[in-house]
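Examining the three-dimensional arrangement
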Amino acid sequence: MPQPSAQVTAAEISRIAGVTRATVSNWRRRHDDFPAPSGGTETSPLYDLQAVRDWLSSRGHASAATPSEELRTILRLHAPSSGGTADLLLLVLAAAGRTPHELTAATRLPDADLTAHAERDAAAVAEAVPGVDAVRFQAADAEVLRALYACVREEGGQATLRVLAERELEESAASGAYRTPTALADLLARLIPGTPDRVLDPACGSGSLLAAAARRGARELYGQDVLPVQAQRSAVSLILTAPKATVTVRAGDSLRADAFPGLLADAVLSNPPYGVRDWGHDELAYDPRWAYGVPARAESELAWVQHALAHVTPDGYAALLLPPATAGRASGRRVRAELVRSGALRAVVALPAGAAVPLHIGLQIWVLQRPEPGGPERKSVLFVDAAEAETESARGRAAGTRTRAGSRSATLDWDRITAQVLGAWEAFNSDPDAFDGEPGTSRAVGVVDLLDDVVDLTPARHVRASRAGVDPTELSAEVDATRRNLVKAAKSLARAAGREGWSAASVGAREWRTATASDLARGGALTILRTLPEGARGREDGADHEPTARTVLTASDIARGSGPTGDPAELRSDTPRAIAAGDVLVRAVASGGGPMTRVAGEEDEGALLGHHVHLFRPDPGRLDAWFLAGFLGAEENIAGASTGSTVLTVSPGRLRVPLLPLEEQKRYGEAFRHVDELRAEARRATRLAEETARLLAGGLTGGQLLPSRDTTPHPPGDTSPREVSTGSAPSSG
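In short, a report on the structure. (Residues numbered from 1 in each chain as written. Predicted model: local features only at pLDDT ≥ 70, side-chain atom pairs only at ≥ 80, totals over all residues. Heavy atoms only, no water.)

1. Here's the deal with the side chain of R336
In this fold, R336 is placed in helix α14 (residues 333-342). It turns out R336 is buried and unbridged, and the closest side chain with the opposite charge, E299, is 5.0 Å from it. Discounting residues that sit within four places of it in the chain, R336 has contacts with T326, A327, G328, R329, W366, V454, V455 and L457. (Helix = DSSP H or I, 4+ residues; strand = E, 2+ residues; numbered from the N terminus. Buried < 20%, exposed > 50% of the residue type's maximum accessible area, 1.4 Å probe, protein only. Lys, Arg positive; Asp, Glu negative; His and termini not counted. Salt bridge = Lys/Arg side-chain N within 4 Å of Asp/Glu carboxyl O. Contact = heavy atoms within 4.5 Å.)

Take a look at the structure:
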């Protein structure tokens, strides 16, 4: 039935109609029949969605929304009958197995035939999804069904699943349901040595961690989640992601009602809920899973740790994402001590804030290994502090720059974090006794040293204690070399900032006619190559059909201005696309800091196009690449072409480009090239300045460096050269 209470903002109207927000404002002023606000405030009015759609239809404005946005809009207007979201999740799974031709044919069926067709599709896969009754659709569902089939056809099953999950879950603190970021899920999966065949996630959510395990070769995936819709979503998502794996997902509370009581998996991966006091402390007081001590009422996280250990084979591994308080709360001291004493705890890794929700807290990864009876004694625990592994853009935001909508989500250097963590873990796990560690980053601490009155397992506490092992002479030489590089970078930055390739417009801001990227593509001025969604089938023109060991250019590479760093093994696509010099690359997700666009240079040529990156290939006789990149990456342009709330997804075809002669484009392009050079030099200088400051501060506080005897202060404004001594290296002892 229609829901007249569904309301939209002016920004949402612009996305539905495929126009700018300014156009919507003009409609409101110039057309008396434009729908009046039905809610909101005077400055932020809300409009009845059905009334807006009727008005647009009467004016001949066909919807320009993406298929996922169209499905989202229709779901707000029409609540599916009977089984609701669960039935639609089944239909996504069935539709993902159909060809584009079959999906198109389904959308053209009469309403009665369409509902019968959808019922047959959903019933054919009903056994794969937990807790779903007989599927029944009605004629009133026809519009929703058509939109769903179209969304699967155009954007894939995973994108459709995300839209459906929004109906049941708000990814906010109210529901406590969050998706583990893909890069973090992959890191947890890679911390499990070898290739585990059978993997369990007892708090599987949307299935991110099990999907990561499948990418590592797992063939049996077991999951459980307390929210039925999450269990259903996870089952469908995993079947789409890993069609060759056996997927078993159940709904229910894993601690109170374990769906797999006799399962011993090769590995457990989990991002369990935090801070839950009502986890079953009283009724589970004598549970056999508490081999390391009964968790206190405030220690639900330690209950999950022991649940994981109870479900792995002897010598099997578990990796859990936990809040930092778990490492040091007094109420958990006894359980932590037993985990350390028994050798079950192998490593604790501190992550930067922003790695996962809650974004303001630096979470930790605990790596555990179930002790094998009669197995070798484990004498130490690895601690890794990766909390400082942030990109320059993340540091810039910390200094005061805000992302759109005030998001605190950080753009982290996941390649650096992953290399740092895996490097330390693999070296430690192969030979714990010979592991030396890296001062300030990683250290192996003996079990005896950890079993004190508090058993604090916070990585920073133990890693910082290793600074005394740094050689003073080597550190002094490193500081001097870094300072010299910083001086050179500062001079290069000054030269880049000194160029003047622009002037003020004479009378007001210049205005120009624009066209969407889709229009330019239809006219042959450029080609848009989109990232294939997971589960997409078939091949497309422009694809490189012979994957090689070439590197992959990722969205993170664009954000931080680095060369291609992605792993081609993680593309999971039989249609990789090669980048050519002069291509314009646009990040597909508008979150975090750093530039949104990049012009591919010779160093990028031949690299493969990564996920979440759109490629624009301009005709050089009609479009200048630097001109195109500059305008595509403009903040207002990105905002106008983005959809979503928590995750802002850029629709490449809706980005707008000014229509200017080629010669004038080239003048703009040269100016944008200077801007890019300035940004690159600023990044380099910032990185070197922070590295120099870090080395100096660490050396001074660690005792390896002494302050200069010259304490004469710099006069204000004095920029003359002046030696900054790091002091003499202190004598040994």
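2. A closer look at the packing of aromatic side chains
Taken as a whole and assessed by the stated rule, the structure comprises 14 aromatic pairs. Centroid distance W27 to W55: 5.3 Å. Interplanar angle 55°. Geometry classified as tilted. Highlighted residues: W27 in helix α2 (residues 21-30) and W55 in helix α3 (residues 49-58), separated in sequence by 28 residues. Assessed through its relative accessible area of 9%, W27 is described here as buried. Joined through ring pairs, the aromatic side chains of W512, F627, F631, Y668 and F672 make up one cluster. (Phe/Tyr/Trp six-rings, centres within 6.5 Å; stacked < 30°, edge-to-face > 60°.)

3. Quick word on the sheet that holds strand β16 (residues 584-587)
The strand order across the open sheet built from four strands is β14-β19-β16-β17, with neighbouring strands paired in antiparallel fashion. Single-partner strands in this sheet number two, and they are β14 (526-529) and β17 (597-599). Along the sheet, successive strands turn relative to each other by an average axial angle of 20°, direction set aside. Pairing between β16 and β17: three bridges, direction antiparallel. Residue pairing across strands places L585 opposite R598, the latter belonging to β17. (Pairing = 2+ DSSP bridges. Axes fitted to C-alpha atoms, helices over the stretch in contact; angles between N-to-C directions.)

4. Focus on the pairing of strand β19 (residues 613-618)
The buried fraction of β19 amounts to five of the six residues, a majority that puts the element mostly inside the structure. Bridge count for β14 against β19 is four bridges, and the pairing is antiparallel. Residue pairing across strands places L529 opposite L615, the latter belonging to β19. In this structure, β16 lies alongside β19, joined through four bridges in antiparallel fashion. By the bridge assignment for β19, L585 is matched with L615.

Worth remembering: the numbers are spatial, not functional.
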